[in-house]
Structure formats: structure tokens, C-alpha cells
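The residues making up each chain are set out below.
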Amino acid sequence: MFTTDFTTTFGIEHPIVCGGMTAVGTADLIGAVANAGALGFLSALTQPTPEALVKEIGRCRDLTDKPFGVNLTILPTIDPVPYDEYRDAIIDSGVKIVETAGSNPKPHLPALKAGGVKVIHKAVTVRHAVKAQELGVDAVSIDGFECAGHPGDDDVPGLVLIPAAARKLSIPIIASGGFADGAGLVAALALGASAVNMGTRFVATDEAPVHINVKNQIVENDERSTILVFREFHNTARVARNAISEEIAHISQQIGATFEDVAHLASGRRGRVQVLENGLVDDGMWWASQAQGLIHDIVSCETAVDRIVSEASALLNDKLASMLN
């Protein structure tokens, strides 16, 4: 129903993306997203080794014959990550779309381009998006302040950030942060984007590999049910509001506090095991956006995508009809 620069560039049916999500972006979810006609990204670093990633790519291919990609998030880590090996595993597996995030993707672009891979880079500011375009990426996914994960420190919401980016960029823009319905898709297209990225909406689907308690909590939560943490450490993150995230915020605000004071609470492993696997939604830090206020049910990926496209189409048709009357 919607043909945009994004859909034509990447060969996708609908202008909807499920970006990389650690511990969530597995073949179970991404295969279903692809079958629904959207573009999903396996999370490379969810897999413990490049060899395991190759197997996960194969498993996703067993679930879908439609395009999907792999996310490679490049961040400083205590234990070195063999990013080059993960990148090469992606290329050697024949994946043709990669989403980069975190640090500058420049070191990886020559190899990805040589492998015929199209690259989408995630950015949180217009200046970083412009830099990514100059480096030669094929599209930019730009995160507004509403997003789950790391929105940066400028606090610019999508209503301003998306059109500001559109004025400076000539490559397709994927609007990210707070999108979960057809009205959001129409708004993003009107603001200059050619697709929307959704994370939290896809977590609350049948196929997402997380505990049902997490999905139910997203449905129960509203737009106020997030909190910003790590701002004091210049690494702002938006997560679900719960006892653990509120404790992290409280400790972090104390004079002289360091990340080490909250590391045991913010542990990624704790969030994955206690929350995503065991369903103890108040016993670990987990990612969620303000889009929780727009999510009212748990459905299949196919239903979620079809509903959003149908809602968007109906809104545009109603608007056109009212203009002609």
C-alpha cells in the first residue's frame, strides 16, 4: 500500500522496521517480521560467537524466504568483542542488509560495501546522521527522545528531529522512537521519513522470545512508564520504570556516584535472565519506549504490521475524502 524510498531501496513490502534488539532479535521474531512484509534485524551480539550467528542466520532463513538483516552494535566493552569476525560472518552468510549502531561505522563500511551489503546506521542527532551519509551509508534510522535504549543527551523528540534530519539528508530516513500504530506511520511519512522503526511494539507480539509477563506489562504500562537512567554518566538510556530502574536513578543522583555503584543492578545478564527469561519484571532493568502508551494488546507480527498499514491507509483515505467534500 505504501511505496517509499525505503521500500524500493531495500526491497521490502511495507515501510516498517524492527531494529536490532539485544536478546530479543532472534530468528523467532525476525523471521515473523519478515514474513509480515517488514524488515527485521537479527541482533549479532545476542549470539555468543560469530559461528553461532551464522547458525542463527541459517535458522532465520529456514523460517522465511523474505529479506531480513543483521544489527551490529559497536560499543566499548570490558571484554573485547571480535567485531570484524562478526562482520565477516554476516557477509559470508550472504546477508545483504546490515544495521550499524553505537560507534562510527567507518571501519566496517569498505568490507560491507565490497560484499554488496546495504547499510543502515542508527543516529540520535542530525549531525551524526549527516556524517553517516557522508561516509556512504544507504539509509539512516534516527532515534527521537521517545525511544527505548540510548536517545543521546539533546532531548529532541521525533516531531522536531525527523523533519530537521529530512532537510539535511538525501538518503532514506527511518523514524524511530515512540511508533506503534498507523497514525505514527502517517505522521513519520509527513515529517519526511520513508519508514518507521518499532521495538517495543514488536516485543509485545506472539513471536517475541520474551516471557509473557513482559508482554503483559507493556500492555498494562502507559506513556509515563519509562525512566531515564545513566544521564549522570553521560550515557542516557530510556528503560521501563520499575523498582530496579528507580533505584538506579536514585543512586546515580547521589553526589560522587559512579557507574560501579549501580552496575550490579544494571547488569545486562540480570535483565535477560530475571526479566526476559523468568518474567520477574520488577527484578532487572529492561528496555521500553514511551510507545507503551499506544500498545493495548499482544498480537502476531503479521497482525501488528497489517493493522498499522491498514490504519495508515484509512487515515489518508479519510483525509483525502474530507478534502474533496
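Just above, that's the structure.
In this text, all values refer to a predicted model and were calculated from it rather than measured experimentally. (Residues numbered from 1 in each chain as written. Predicted model: local features only at pLDDT ≥ 70, side-chain atom pairs only at ≥ 80, totals over all residues. Heavy atoms only, no water.)

Trainee: When you look at the layout of surface pockets in this model, what are you seeing that I'm missing?
Mentor: One water molecule sets the probe size; rolling that probe over the atoms shows where empty space is left. Estimates place the volume of the second largest pocket at around 160 Å³. Lining the second largest pocket are 14 residues, with Gly177, Gly178, Phe179, Gly184 and Ala187 sitting closest to its centre. Of the residues contributing to the lining of the second largest pocket, the split by class is 8 nonpolar, 4 polar and 2 charged. (1 Å grid on protein atoms, 1.4 Å probe; cavity = no way out; pocket = protein on both sides within 12 Å on 5 of 7 lines; lining within 4 Å. Points joined across faces, edges and corners; volume = space filled by probe spheres on them. Nonpolar A, V, L, I, M, F, W, Y, C, P; charged D, E, K, R; others polar.)

Trainee: Whenever I open this one, the sheet that holds strand 3 (residues 69-74) confuses me. Can you help?
Mentor: Within a sheet, each strand pairs with its neighbour through backbone hydrogen bonds, oriented either parallel or antiparallel. Around the barrel, 8 strands lie side by side as 1-2-3-4-5-6-7-8; this closed barrel has parallel pairing. Across this sheet, the average inter-strand angle for adjacent strands is 25°, counted without regard to direction. Sheet topology note: the strand 3/strand 4 (residues 97-102) ladder contains 5 bridges and is parallel. Bridge assignment links Leu72 to a residue of strand 4, and that residue is Thr100. Along the sheet, helix 4 (residues 83-92) makes contact with strand 3 and strand 4, crossing strand 3 at roughly 170°. (Pairing = 2+ DSSP bridges. Helix = DSSP H or I, 4+ residues; strand = E, 2+ residues; numbered from the N terminus. Axes fitted to C-alpha atoms, helices over the stretch in contact; angles between N-to-C directions. Contact = heavy atoms within 4.5 Å.)

Trainee: I tried to follow the nonpolar core on my own but got confused; where do I start?
Mentor: Side chains of a nonpolar character, in soluble globular proteins, are inclined to be buried together. Core analysis: the largest hydrophobic core is formed by 75 residues, its most contacted members being Ile16, Leu29, Val140 and Val214. Non-local contacts of Leu29, meaning those with residues more than four positions away in its chain, are made with Cys18, Met21, Val24, Phe202, Thr205, Glu207, Ala208, Pro209 and Cys301. Grouped together as the second largest cluster of nonpolar side chains are 14 residues, Ile227, Phe230, Ile248 and Ala266 included. (Core = buried A, V, L, I, M, F, W, Y, C linked by side-chain atoms within 4.5 Å. Buried < 20%, exposed > 50% of the residue type's maximum accessible area, 1.4 Å probe, protein only.)

Trainee: Would you mind showing me how to read the environment of Phe10 here?
Mentor: In this structure, Phe10 sits in helix 1 (residues 5-10). The sequence separation of Phe10 and Phe68 amounts to 58 residues, and the corresponding C-alpha distance is 9.7 Å. When residues no more than four places from it in sequence are discounted, the contact partners of Phe10 are Ile97, Lys118, Ile120, Asp138 and Ala139.

Trainee: What should I look at first to understand helix 2 (residues 27-35) in this one?
Mentor: In an α-helix there are 3.6 residues to a turn, and that puts residues three or four apart on one side. With 7 of 9 residues buried, helix 2 is to be regarded as a mostly interior element. Taken as a whole, helix 2 has its buried residues at Ala27, Leu29, Ile30, Gly31, Ala32, Val33 and Ala34. Note on helix 2: the residue one or two positions beyond its end, Gly37, has a positive phi of about 95°.

Trainee: Mind showing me how you'd approach the pattern of salt bridges here?
Mentor: Any two side chains of opposite charge can pair, on the condition that their charged atoms come close. One pass over the full model with this rule turns up 14 salt bridges. In this structure, the salt-bridge partner of Asp28 is Arg59, at a minimum N-O distance of 2.9 Å. Taken as a pair, Asp28 in helix 2 and Arg59 in helix 3 (residues 50-63) lie far apart in primary sequence, 31 residues in all. The closest approach of N and O atoms between Arg241 and Glu246, which form a salt bridge, is 3.2 Å. The exposure class assigned to Arg241 is partly exposed, which follows from its relative accessible area of 38%. One network of salt bridges, in which partners are shared, links Asp28, Glu56 and Arg59. (Salt bridge = Lys/Arg side-chain N within 4 Å of Asp/Glu carboxyl O.)

Trainee: How should helix 10 (residues 212-220) be read in this particular structure?
Mentor: Taken as a whole, helix 10 has its buried residues at Val214, Lys215, Gln217 and Ile218. On an axial view of helix 10, the arc spanned by its buried residues comes to 160°, and they lie on one face. If you follow the buried residues of helix 10, they end up packed against helix 9 (200-203) and helix 13 (268-277). (Arc of directions from axis to C-beta.)

Trainee: It is not clear to me how the pairing of strand 4 should be interpreted in this structure. Could you clarify?
Mentor: Along any regular strand the residues' side chains alternate between the sheet's two faces. Across the 6 residues of strand 4, 5 count as buried, placing the element largely inside the fold. Both strand 4 and strand 5 (residues 118-123) contribute to a ladder of 4 bridges, which runs parallel. Directly across from Thr100, in strand 5, lies its bridge partner His121. Assessed by its sense of winding, the connection that carries the chain from strand 4 through helix 5 (residues 109-114) to strand 5 is right-handed. (Right-handed = clockwise from strand over helix to strand, strands pointing away.)

Trainee: What should I look at first to understand the packing of aromatic side chains in this one?
Mentor: What characterises a pair of aromatic rings is the spacing of the ring centres plus the angle enclosed by the ring planes. Scanning the entire structure with this criterion turns up 3 aromatic pairs. Arranged with centres 5.4 Å apart and planes meeting at 35°, the rings of Phe6 and Phe10 form a pair that is tilted. Here Phe6 and its partner Phe10 are both found in helix 1, 4 residues apart, which amounts to about one turn of the helix. Since its relative accessible area comes to 0%, Phe6 is described here as buried. When its relative accessible area of 5% is taken as the criterion, Phe10 is described as buried. Three or more aromatic residues joined by ring pairs make a cluster, and in this case those are Phe230, Phe233 and Phe259. Positioned above the aromatic ring of Phe145, the side-chain terminus of Arg238 is 4.7 Å from the ring centre. (Phe/Tyr/Trp six-rings, centres within 6.5 Å; stacked < 30°, edge-to-face > 60°. Lys NZ or Arg CZ within 6 Å of the ring centre and 35° of its normal.)

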